[in-house]
There are 2 protein chains.
Amino acid sequence: MAGKGSASGAWRATRTLWLLMLVGLSVCVCVCRASSPPPSAPQEDSAMENIVTEKRAEESHRQDSADLLIFILLLTLTILTIWLFKHRRFRFLHETGLAMIYGLLVGVVLRYAIHVPRDMSHMTLSCPVNSSPATLLINVSGKFYEYTLKGEINADELDDVQDNEMLRKVTFDPEVFFNILLPPIIFHAGYSLKRRHFFRNMGSILAYAFLGTVISCFVIGLLMYGCVTLMKQVGQLNGDFFFTDCLFFGAIVSATDPVTVLAIFNELQVDVDLYALLFGESVLNDAVALVLSSSIVAYQPQGDNSHTFEVMAMLKSFGIFLGVFSGSFALGVATGVVTALISKFTKLRDFQLLETALFFLMSWSTFLLAEACGFTGVVAVLFCGITQAHYTFNNLSADSQDRTKQLFELLNFLAENFIFSYMGLTLFTFQNHVFNPMFIVGAFVAVFLGRAANIYPLSFLLNLGRRNKIRSNFQHMMMFAGLRGAMTFALSIRDTATYARQMMFTTTLLVVFFTVWICGGGTTQMLSCQRIRVGVDSDQDNSMSIAEGSERRSTKQESAWLFRIWYNFDHNYLKPILTHSGPPLTATLPPCCGPLARFLTSPQAFENEFQLKDDDSDLILSDGDMNLTYGDITVSTDASGVHSSGGAAAASSDDLDRELTYGDHELVMRGTRLVLPMDDSEPPVTDAHQRMRM
Amino acid sequence: MAGKGSASGAWRATRTLWLLMLVGLSVCVCVCRASSPPPSAPQEDSAMENIVTEKRAEESHRQDSADLLIFILLLTLTILTIWLFKHRRFRFLHETGLAMIYGLLVGVVLRYAIHVPRDMSHMTLSCPVNSSPATLLINVSGKFYEYTLKGEINADELDDVQDNEMLRKVTFDPEVFFNILLPPIIFHAGYSLKRRHFFRNMGSILAYAFLGTVISCFVIGLLMYGCVTLMKQVGQLNGDFFFTDCLFFGAIVSATDPVTVLAIFNELQVDVDLYALLFGESVLNDAVALVLSSSIVAYQPQGDNSHTFEVMAMLKSFGIFLGVFSGSFALGVATGVVTALISKFTKLRDFQLLETALFFLMSWSTFLLAEACGFTGVVAVLFCGITQAHYTFNNLSADSQDRTKQLFELLNFLAENFIFSYMGLTLFTFQNHVFNPMFIVGAFVAVFLGRAANIYPLSFLLNLGRRNKIRSNFQHMMMFAGLRGAMTFALSIRDTATYARQMMFTTTLLVVFFTVWICGGGTTQMLSCQRIRVGVDSDQDNSMSIAEGSERRSTKQESAWLFRIWYNFDHNYLKPILTHSGPPLTATLPPCCGPLARFLTSPQAFENEFQLKDDDSDLILSDGDMNLTYGDITVSTDASGVHSSGGAAAASSDDLDRELTYGDHELVMRGTRLVLPMDDSEPPVTDAHQRMRM
């Protein structure tokens, strides 16, 4: 009866859903029609000018609301359809891909189905001004009106401006992406990076993200320069396209965004190291690509020809890259640290609302501070997120941990789907597309080769140093998972003033569509084709590594000396200063700093001293369990295993090893089968449950 | 040792906090200084005009970021200080009052401490245009720049515009309040109205909110007209001030916002009926005042003199009031119902993120839809919130119930404190204050008398019909709790073009300051002065009502016939259609609708048929408990109590009685002491705990 009931329920639900979708789409169309300005009624009373102005402002506001409503309805439709897909376990289309399809449909409707009467609300003035101020005061028969500068318009767009009011209305200012939509996405990515496997693969991730992105950028740039030179010779190019433009294109398409792939990885429980490599790389290379592209734009040689090679200008660009990146990094980390200190030294955790609000505001202020100082807010927000996850998160109350996770999860979901549906829409509503088949084919080849030049050589080099090799099927999968997404789109739409930029924008859009639909949709096939094991529970993974025996201490040797130094510093000083965990500072700092150490160490640290509570773990265990488990591991795996809890420096190298392995052992030893949550989209309520049970 | 540790911890925390505050304020000042435009460097190369334009745009963006950063830092400071106050149990200053004080301080700094060099980024054009289009294209030596209309500027403000760029920068477009800040506040209010005591006092609340607000508006309007006439005669008035202006003033200061008082009520556990009356009134009268003020603005008699009395124009205004109010109401309820249907008929509850996102998007779309249709978005959002709480909330998964509550709680907190700190700031940064002592004194008297004319006569009339009288000390408390807040401020800043409006704005600001600081701060004193019991646990309340015996069935007789009809309809038809609770429709609908009824009834409803699960209760009980309890009550309180579960119509009148009382009995019968949570700011995790325990 229950089975039958749920089946008929699902059938009813499906019917209802399709009905709703039909209703939704027709509402969309109605809204579009409604939002087109009505033919203005003839004004009988010319004296009521004020009222006319007010009415026009009201009309404009109504239209804005209607435009935004289109996107909201689009997102609603996407959510309902994606629910259906999840319900039916369709895996070939991710929500972002679906959002793009709906966006495309609405774009077609806006472009072709809706006739907008030409309205005369524009006016061209030819005033004798020799500059374009940010604010303009216009004297209209004794009354002053204030105007703000929106931007420059090309002379050939002029007719479009007056024609396609409707299409222009649904076009957002590109800065909206950088100031409103990207920050929560990037923060969320940073905030969910706090994973054991991320730190285990940190070296490789940094190599792919920094070195790999730069390689990819230059390979794509060089290939595109070849392509453009060829196009010039066969007369396919109708405007300027310089080498810096090629490099800029290389930078913007080097930012990967495998959100689709990762969602499937998470669902199918693919190898955790592969997941960590892909996720870590994509998070960091967004930041690298963003700063790289702005450095390339800043390349301006002196003299007449502004597109020659010049060492000084290149060095300056390189300096800008370093300066902006490190400045944003420092600011992000700094606000994270301030938040951690506030949450440690105040008892704000007694008031969860205040705590959550403070966390949100501090994270937002990072962005604003970086922008106000001339750094890159998005990059600052990324590192702020990582710092918050690593330190502040441990100081928050359990309730606030859930709240902040859920809040940024929701913001990320909404912003991401908004961007992807806007992407679909803009393929039809953007007015200055330049479709150049040769450039597009060249770009696809270059993007493919650029990704290959990133993954394969670097993997080869990394494998020289890695014990736990990146196997060739993993390399192919990483190659395949080089999807382009929100950051690439935002960077390409930021400036579409010149012919070169317009061609880039069109091509980028197609690259994103292709990779999200084809590569994203083919993930399951690719996984089985490459024989990458799915359904890998972490305990299976570990029973193997235990069986192999010699692999046991590999994590310790694998980690480079730089990472070891950092880990020791973090564990002995930063964690105790910024959080309630870690060894007390009185034990790690030299005796001369005694009073300071006592002031900075939280009372919990003294209590936890012998319990070795470590908040980095994904598994939430009570202290008692953890202690016992660690004891077992030490005995069974480490022959020298007398736990020296007194000397912190001596203990810390064991700590590192334990941190990197104990979670796995825990599972094996107790014989329970806990699924290690590697993805951040897992419902955080699970954590809450676990915590409550204890 | 623990006690000593926490004491020294608190001391350390306090020191840290004050340090942080100092740092914060100095950062504020630095940011202000940084955000003032630097003197423009002489441009050597005049050809690089593009770069100059870009740089200027970048500069403007940096300045915007810095301005916003000021507010974020202000809010952070407010949060830290309010934590300190809560920690120390200071009750004389609420967070909103504190936010205003910090706003004032920063306003003083901005106004007097920061010298902004006069910059030449403005330019006045005197072009031969005879209208002010929304978009303007300016031809500057062959290049076209697009400008958007920001608004009209008075001729006498012209110098200010050029002088006080800095002050203008921190001035928001008033529409920001109506489109961004007020909707979450109002939605949150509606979403937390789902309380048993609200429905018990519904008649009185509607009377205070609708009739009371209109009375208050007209009383204040008439008194102010008298005041203005007097001012004209003694020559204190420097501009026009018509009767409609007086009425408008009456409308905007009639919206009460006792958030300060309610926070204290909640903390001290003041009588639940008093709480429900005040909260319900303040939520609804915001909507009434908003629509009322726009109807008064729409009053425009035909003919030359636009300020005479005319029946047609008045009727039209009245029609607008009814139309806008009912239209917004209908839209809000409609989207709420659609959301309830979607959440009922899809299994979206399996995916909490999708569910929460859908809930958020649908609630937001209400606002946009209402604005796009020319209704009032804020009012629509209010009724959408009430509908969502009454129906959709029951269909959500436990996780989403928490998530949505917490999300809107956070948004409400941030938006509210932002508005109040902006209020403080604007007292010094707003450029066109008109301080007229006579008008201000008159306004204070009028506001006082208007509130009195609302509360006392209506309470007298309501007491004629109420069994559970509104006692005189409750009336005095309601009178005293007539604070003015966010809505009043937003309405008064919306239009500050004329002399009358400017004087109103200044006066309103002072009224808000006075009521929030004096009335808000004196709540505890007023409570003890009026001998209103504090620390009233709901079980005490109920043991009394049981002892009184005759009061037992008062709730049934008290509720008016209109409410009974609504309740029966809601319980028999709406609840079963829109949620999983209530009796199955097959029992309540006539037999001819059999198939439809079976289609609409959820499987749970059949299962719940005999268990009489009611989601309206604030107490979450397992079905078994409830059933047992109900059995007890029926026997002990209702002599005719054979439970006729077959006839739904017969059962429903019992249901009403039970719904209004059983929660109380539950507590008494079992002898447990559960605190009935009357406030919405209680941490929702409590619910989750309770649910999990069962």
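Keep in mind it's a predicted model, so treat the numbers as computed, not measured. The numbering scheme is per chain: residues are counted from 1 as the chain's sequence reads. Written order determines the labels here, with chains lettered from A and ligands numbered from 1. Totals for whole chains, interfaces and linings use every residue, but because this is a predicted model, local features are given only for residues with pLDDT of at least 70 and side-chain atom pairs only at 80 or more, for both listing and counting. Here the side-chain values reflect all heavy atoms present in the structure, with hydrogen atoms and water set aside.

A. View of the overall build of chain A. What chain A contains, in helices and strands, is 29 helices and 3 strands. A total of 694 residues make up chain A; the buried ones form 57% of that total. Contacts in chain A between residues at least 24 apart in sequence constitute 82% of all its contacts with a sequence separation of at least 6. As displayed, chain A has an accessible area near 28100 Å², and 63% of this comes from carbon and sulfur atoms. By the criteria applied, helices consist of DSSP H or I runs no shorter than four residues and strands consist of E runs no shorter than two, each listed in order from the N terminus. Remark: exposure states derive from per-residue accessible area (1.4 Å probe, protein chains only) relative to the maximum for the residue type, with buried under 20%, exposed over 50%, and partly exposed in between. By the convention used here, residues are in contact when the closest approach between their heavy atoms is within 4.5 Å. Areas reported here follow the Shrake-Rupley algorithm with a probe of radius 1.4 Å; residue values treat only the protein chains shown as occluding.

B. Quick peek at helix H6 (residues 175-191) of chain B. A helix is expected to span 1.5 Å multiplied by its residue count minus one. Relative to the 24 Å expected for 17 residues at 1.5 Å per residue, H6 of chain B spans 23 Å between its end C-alpha atoms, a close match to the ideal helical length. Note on bend: the value at a residue is the angle between axes fitted to the seven residues ending there and to the seven starting there. Helix geometry: H6 of chain B is bent most strongly at Leu182 of chain B, by close to 50°, with proline Pro183 of chain B lying one to four residues after it.

C. A look at unusual backbone geometry. Even without a glycine there, the phi angle at Gln269 of chain A is positive, about 55°. Along the chain, Gln269 of chain A turns up in the loop between helix H10 (259-268) and helix H11 (272-297). At Arg531 of chain B, a residue that is not glycine, the phi angle is positive and equals roughly 55°. Inspection of the secondary structure assignment puts Arg531 of chain B in the loop between helix H20 (523-529) and helix H21 (538-547). Look at Arg531 of chain B and you get exposed, because its relative accessible area is 74%.

D. Main features of the packing of aromatic side chains. Any two rings among Phe, Tyr and Trp, with Trp reduced to its six-membered ring, count as a pair given centres within 6.5 Å; such a pair is stacked if its planes are under 30 degrees apart, edge-to-face if over 60, and tilted if neither. Applying the stated rule across the entire model yields 56 aromatic pairs over all chains. Measuring from ring centre to ring centre gives 6.0 Å for Phe321 of chain A and Phe325 of chain A, while their planes differ by 25°; the resulting arrangement is stacked. On the criterion of helical spacing, the pair formed by Phe321 of chain A and Phe325 of chain A is a turn pair, its members being 4 residues apart in helix H12 (residues 311-345). Each member of the pair Phe321 of chain A and Phe325 of chain A is classed as buried. Ring geometry for Phe187 of chain B against Phe408 of chain B: centres 4.4 Å apart, planes inclined by 40°, an arrangement best described as tilted.

E. Inspection of the pattern of salt bridges at higher detail. Residues and elements named next belong to chain A. Just to be clear on terms, a salt bridge is a Lys or Arg side-chain nitrogen sitting within 4 Å of an Asp or Glu carboxyl oxygen. If you walk through the whole model with that rule in mind, you get 10 salt bridges over all chains. Close ionic contact of Glu281 with Arg451 constitutes a salt bridge, the shortest N to O distance being 2.9 Å. Taken as a pair, Glu281 in helix H11 and Arg451 in helix H16 (residues 437-465) lie far apart in primary sequence, 170 residues in all. According to the relative accessible area criterion, Arg451 is buried, its value standing at 3%.

F. Up close: the packing of helix H8 (residues 202-233) of chain A against helix H9 (residues 243-252) of chain A. Residues and elements named next belong to chain A. To obtain each axis, a line is fitted to C-alpha atoms, and for helices this fit is confined to the stretch in contact; angles are then taken between N-to-C directions over 0 to 180 degrees. Running from N to C, H8 and H9 cross one another at 135°; their axes reach a closest spacing of 7 Å. One element, H8, and the other, H9, form an angle in the oblique class. Where H8 crosses over H9, the two elements pack in a sense that is right-handed. On the side of H8, the interface is formed by Cys217, Phe218, Ile220, Gly221, Leu222, Met224, Tyr225 and Val228, while H9 contributes Phe243, Cys246, Leu247, Phe249, Gly250 and Ala251. Orientation categories follow fixed angle ranges, with anything under 35 degrees roughly parallel, anything over 145 roughly antiparallel, 65 to 115 roughly perpendicular, and all other angles oblique. Each crossing gets its hand from how the near helix is turned against the far one by less than a right angle, where anticlockwise is left-handed and clockwise is right-handed.

G. The packing of helix H15 (residues 398-429) of chain A against helix H13 (residues 352-372) of chain B, seen in detail. Viewed as axis vectors pointing N to C, H15 of chain A and H13 of chain B meet at an angle of 70°, and their least axial separation amounts to 10 Å. With respect to each other, H15 of chain A and H13 of chain B are oriented roughly perpendicular. The hand of the H15 of chain A/H13 of chain B crossing is right-handed. Contact residues: Glu409, Leu410, Phe413 and Leu414 of chain A in H15 of chain A; Leu353, Leu354, Thr356, Ala357, Phe360 and Leu361 of chain B in H13 of chain B. Each residue gets one of three labels, nonpolar for Ala, Val, Leu, Ile, Met, Phe, Trp, Tyr, Cys and Pro, charged for Asp, Glu, Lys and Arg, and polar for the others, Gly among them. Each residue belonging to the contact of H15 of chain A with H13 of chain B can be placed in one class, and the counts come to 8 nonpolar, 1 polar and 1 charged.

H. Just the environment of Met224 of chain B, in detail. All names here are of chain B. As for its position among the elements, Met224 is in helix H8 (residues 202-233). A relative accessible area of 0% places Met224 in the buried class. Taking C-alpha positions, Met224 is 19 Å from Ile493, a pair spaced 269 residues apart along the chain. Not counting chain neighbours up to four residues away, the residues in contact with Met224 comprise Cys246, Phe249, Phe439, Gly442, Ala443 and Ala446.

I. Representation of the nonpolar core within the structure. Grouping buried Ala, Val, Leu, Ile, Met, Phe, Trp, Tyr and Cys residues that are joined through side-chain atoms within 4.5 Å yields what is termed a nonpolar core. With 296 residues, the main nonpolar core has Phe265 of chain A together with Phe265 of chain B as its most contacted residues. Here Phe265 of chain A is in contact with Val270, Leu274, Tyr275, Leu278, Met477, Thr523 and Leu527 of chain A, once residues within four sequence places are set aside.

J. Representation of H13 of chain B. Residue and element names in this part refer to chain B. Relative to the 30 Å expected for 21 residues at 1.5 Å per residue, H13 spans 30 Å between its end C-alpha atoms, a close match to the ideal helical length. Among the 21 residues that make up H13, 19 are buried, leaving the element largely enclosed by the rest of the structure. Directly after H13, the chain includes Gly374, whose backbone phi takes a positive value near 90°.

K. A look at the state of the cysteines. Residue and element names in this part refer to chain B. Working definition: a disulfide is two cysteine sulfur atoms within 2.5 Å of each other. A full pass over the atoms with the stated rule returns 0 disulfides over all chains. Not part of a disulfide, Cys384 finds its nearest cysteine sulfur in Cys373, a span of 14 Å. Note on Cys384: relative accessible area 0%, which makes it buried. As a non-bridged cysteine, Cys529 has Cys519 as the owner of its nearest cysteine sulfur, 13 Å distant.

L. Focus on the side chain of Asp271 of chain A. All names here are of chain A. Structurally, Asp271 can be placed in the loop between H10 and H11. In summary, the charge assignment counts Lys and Arg as positive and Asp and Glu as negative, without counting His or the chain termini. As a buried residue without a salt bridge, Asp271 has its nearest oppositely charged side chain in Arg471, at a separation of 4.4 Å. Within 3.5 Å is the distance limit for a polar contact, defined as a pair of N or O atoms, with the added protein rule that one can donate a hydrogen and the other accept it, and that residues adjacent in sequence qualify only through two side-chain atoms. Polar side-chain contacts of Asp271 include one of 3.2 Å to the backbone nitrogen of Leu274.

M. Examining a nonpolar patch on the surface more closely. All names here are of chain A. Patch members must show over 30% relative accessible area and no salt bridge, and they are joined within 9 Å when carrying like charges or within 5 Å when they are nonpolar side chains of Val, Leu, Ile, Met, Phe, Trp or Tyr. A cluster of nonpolar side chains, Leu223, Val441, Val445, Phe448 and Leu449, forms an exposed patch at the surface whose accessible area comes to about 440 Å². With 4 residues, the top contributor of residues to the nonpolar patch is H16. Note on placement: Leu223 falls in helix H8.

N. Region of interest: the side chain of Glu95 of chain B. Residue and element names in this part refer to chain B. Its place among the elements puts Glu95 in helix H3 (residues 95-113). Lys86 provides the closest opposite charge to the buried, salt-bridge-free Glu95, at an N-O distance of 4.4 Å. Non-local contacts of Glu95, meaning those with residues more than four positions away in its chain, are made with Thr78, Ile82, Lys86, Phe413 and Asn417.

O. The environment of Asp240 of chain B, seen in detail. All names here are of chain B. Structurally, the position occupied by Asp240 is in the loop between H8 and helix H9 (243-252). Given the relative accessible area of 53%, Asp240 is considered exposed. Separated by 258 residues in the primary sequence, Asp240 and Thr498 have C-alpha atoms spaced 8.5 Å apart. Beyond its immediate stretch of four places on either side in the chain, Asp240 contacts Tyr499 and Ala500.

P. Quick peek at the environment of Leu425 of chain B. Residue and element names in this part refer to chain B. Mapped onto the elements, Leu425 comes out in helix H15 (residues 398-429). Of the residues examined, Leu425 reaches a relative accessible area of 0% and is grouped as buried. Along the sequence, Leu425 and Gly212 sit 213 residues apart, while their C-alpha atoms lie 32 Å from each other. In contact with Leu425, not counting residues within four places along its chain, are Phe71, Gly103, Leu104, Val106, Gly107, Leu110 and Val170.

Q. Quick peek at the confidence of the model for chain A. Residues and elements named next belong to chain A. Scored between 0 and 100, pLDDT is the confidence that the predictor attaches to each residue. Across chain A, pLDDT averages 74, with 66% of residues at or above 70. Segment residues 1-7 is flagged for pLDDT under 50; beyond a separation of four residues in sequence, or across chains, it makes 1 contact in the model. Low confidence marks residues 610-654, where pLDDT is under 50. Its contacts with residues over four positions away, or in another chain, come to 69 contacts. What the predictor reports for the complex is a pTM of 0.79 with an ipTM of 0.78.

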